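These are the residues of each chain, in order.
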Amino acid sequence: MTHRPETGPEPPTVPGGQVHGGRTYPGDDPAAHVRRLLRRAVNADRPGADALERLAGARAYAIERLPDPRGRSGGQDWIVLYEHAFLLGPRGPGDPAGAELCLYELEHDHTPDGGLVSEVYDDESAAARVARRLARPAPAGHPVPPDLGAWPPADPDSVDRDG
């Protein structure tokens, strides 16, 4: 998880719309959002209980679609990277209020049936590396890169982008 401590003066606090370094946090139920985000993640190396614990005290969240992670390789496939930024409250005396913690969701259709799935990473560069790998052309006769394995059926909430 990317952890960015707040620098400068304390940001203003507005329930459901905190501001951190120019970012607005419109999401007002971060605990429920992170649970849904991690529940729909299909990758085995997704953040786990430690992420839920660190985000338990989050005050709000924001979702931003990041630039195309595939670079110039492009392609006709569906690969989108989202940053889920959580505004944290102080964890104790001396802990800065307004620290931010980010998770990165990679949504793609590189599945045997072409259905959308989500993978969640605690590091933007790891998510971008997977996106670039998925964007490479598949070997002849292999619609899915062979190292992806079998995917579980998609969760009906898997495309719930706002919550």
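Residues numbered from 1 in each chain as written. Predicted model: local features only at pLDDT ≥ 70, side-chain atom pairs only at ≥ 80, totals over all residues. Heavy atoms only, no water.

(A) Up close: the nonpolar core. Core analysis: the largest hydrophobic core is formed by 18 residues, its most contacted members being Tyr25, Ile79, Leu81, Tyr104, Leu106 and Tyr121. Among the secondary structure elements, those contributing two or more residues to this core are strand 4 (58–65), strand 5 (79–88), strand 6 (100–108) and helix 3 (124–135). No other element matches the six residues that helix 3 contributes to this core. (Core = buried A, V, L, I, M, F, W, Y, C linked by side-chain atoms within 4.5 Å. Buried < 20%, exposed > 50% of the residue type's maximum accessible area, 1.4 Å probe, protein only. Helix = DSSP H or I, 4+ residues; strand = E, 2+ residues; numbered from the N terminus.)

(B) Representation of the environment of Gly48 in the model. Residue position: Gly48 is located in the loop between helix 1 (30–40) and helix 2 (49–55). Among the residues examined, Gly48 registers a relative accessible area of 28% and is labelled partly exposed.

(C) Region of interest: the pattern of salt bridges. Under the defined criterion, the tally for this structure stands at four salt bridges. A salt bridge links Arg23 to Glu83, with the nearest nitrogen and oxygen atoms 3.1 Å apart. With Arg23 in strand 3 (residues 23–25) and Glu83 in strand 5, this pair connects stretches of sequence that are 60 residues apart. Between Arg40 and Glu105 there is a salt bridge, and its shortest N-O distance comes to 3.0 Å. One end of the pair, Arg40, is in helix 1; the other, Glu105, is in strand 6, with 65 residues separating them in the sequence. Residue Arg40 shares its accessibility class with Glu105, and that shared class is buried. One connected set of salt bridges, linked through shared partners, spans Arg23, Glu64, Glu83 and Glu100. (Salt bridge = Lys/Arg side-chain N within 4 Å of Asp/Glu carboxyl O.)

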